[in-house]
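What follows is each chain in one-letter form.
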Amino acid sequence: MILPIVAYGTPVLRKVAEEIDADYPDLKEFIANMYETMYNAGGVGLAAPQVGKSIRLFVVDAAPFEEDEPSLKNFKKVFINPIILEEKGQEWKFNEGCLSIPGIREDVSRKPTITIEYFDEKFKLKEETYEGIAARIIQHEYDHIEGVLFTDRINPLKRQLLKKKLSEIAKGNVEVKYKMRFPLKVK
Ligand SMILES: [Zn+2]
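Computed from a prediction, not measured in an experiment: that's the story for all the values here. (Residues numbered from 1 in each chain as written. Predicted model: local features only at pLDDT ≥ 70, side-chain atom pairs only at ≥ 80, totals over all residues. Heavy atoms only, no water.)

1. A few points about the nonpolar core
(1) Moving on: Within the largest apolar cluster, 34 residues are counted, with the highest numbers of intra-cluster contacts made by Leu57 and Val59.
(2) Moving on: Looking at this core, the elements with two or more residues in it are helix 1 (27-41), strand 3 (57-61), strand 4 (76-88) and helix 3 (156-171).
(3) Moving on: When residues of this core are assigned to their parent elements, the largest contribution, seven residues, is made by helix 1.
(4) Moving on: When sequence neighbours within four positions are dropped, the list of residues in contact with Leu57 reads Ile20, Leu27, Phe30, Ile31, Met34, Ala47, Ala48, Val78, Phe79, Ile80 and Ile145. (Core = buried A, V, L, I, M, F, W, Y, C linked by side-chain atoms within 4.5 Å. Buried < 20%, exposed > 50% of the residue type's maximum accessible area, 1.4 Å probe, protein only. Helix = DSSP H or I, 4+ residues; strand = E, 2+ residues; numbered from the N terminus. Contact = heavy atoms within 4.5 Å.)

2. Overview of the pattern of salt bridges
(1) Moving on: Taken as a whole and assessed by the stated rule, the structure comprises 11 salt bridges.
(2) Moving on: Of the charged contacts in the structure, one is a salt bridge between Arg153 and Asp143, with a shortest N-O distance of 2.7 Å. Of this pair, Arg153 sits in the loop between helix 2 (132-145) and helix 3 while Asp143 sits in helix 2, placing them 10 residues apart in sequence.
(3) Moving on: One salt-bridge network, held together by shared partners, links Glu96, Arg110, Arg136, Asp143 and Arg153. (Salt bridge = Lys/Arg side-chain N within 4 Å of Asp/Glu carboxyl O.)

3. Thoughts on a positive patch on the surface
(1) Moving on: Together, Lys179, Arg181, Lys185 and Lys187 make up a positively charged patch on the protein surface.
(2) Moving on: Examined against the element boundaries, Lys185 turns out to sit in the segment after strand 9 (180-181).
(3) Moving on: With relative accessibility at 46%, the residue Lys185 sits in the partly exposed group. (Patch = residues over 30% accessible without salt bridge, like charges linked within 9 Å, V, L, I, M, F, W, Y side chains within 5 Å. Areas by Shrake-Rupley, 256 points an atom, 1.4 Å probe, with all protein chains shown as cover. Lys, Arg positive; Asp, Glu negative; His and termini not counted. Charge placed at Lys NZ, Arg CZ, Asp CG, Glu CD.)

4. Considering the side chain of Arg110
(1) Moving on: Tracing the backbone through its elements, the reader meets Arg110 in strand 6 (residues 106-110).
(2) Moving on: Looking at Arg110, the relative accessible area reads 5%, which means it is buried.
(3) Moving on: Of the polar contacts made by the side chain of Arg110, one reaches the side chain of Asp143; its length is 2.9 Å.
(4) Moving on: Setting aside anything within four residues of it in sequence, one finds Arg110 in contact with Gln90, Glu91, Trp92, Glu96, Arg136, Gln139, His140, Asp143, Phe150 and Arg153. (Polar contact = N/O pair within 3.5 Å; in protein donor to acceptor, adjacent residues only side chain to side chain.)

5. A short note on the sheet that holds strand 2 (residues 45-47)
Hydrogen bonds between backbone groups are what pair the strands of a sheet, and the pairing can be parallel or antiparallel.
(1) Moving on: With antiparallel pairing, the five strands of this open sheet are ordered in space as 2-3-4-7-8. Each edge of the sheet is formed by a strand with only one pairing partner; in this case those strands are strand 2 and strand 8 (125-131). Within this sheet the neighbouring strands show an average axis-to-axis angle of 40 degrees, counted without direction.
(2) Moving on: Two strands pair when backbone bridges link them, and strand 3 and strand 4 are joined in this way by five bridges, in the antiparallel orientation. Pairing of Leu57 across the sheet is with Ile80, part of strand 4.
(3) Moving on: Contacts between helix 1 and the sheet are confined to strand 2, strand 3 and strand 4, with strand 3 contributing the most and set at about 45 degrees to the helix. (Pairing = 2+ DSSP bridges. Axes fitted to C-alpha atoms, helices over the stretch in contact; angles between N-to-C directions.)

Shown next, in the form of structure tokens:
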């Protein structure tokens, strides 16, 4: 089932999300819905708060980047209760976008290598190291479960220039091809 994605300005996007346990109701179905919603919107990552659930879970599938980086071929995963243990290396810029902030893309600087601990969909504990685009996608999604958006990480002048556009997004004055919910839309 495709779930509506909540837009910039929705309070749940600013909350620090809660951990879940293996008994979380209908977890399997929720994960399937997360993937379906992400693919339908053409995204490479989707965090639970973006569909209105304040839990520490996100899904990724970097298949669209496969041509540039063949190592991303099977980078399809669910991260539950993740903790980024380490981020290292020289920060690099990458042009990020977000399904909750349609029509805006900006360069964001982040470190290239991360080590992350998380539970997979079977609640098996894992610890893995990622770099490059894979790390980048994880860092972006991890921010979502901490209540942080990529627009918080761009330089203040650029952010100021985006202010009007962001408030239009919150009102629903943006063209988007997937199902969304806008916090300030007047019906
Ligand atoms: Zn995002």
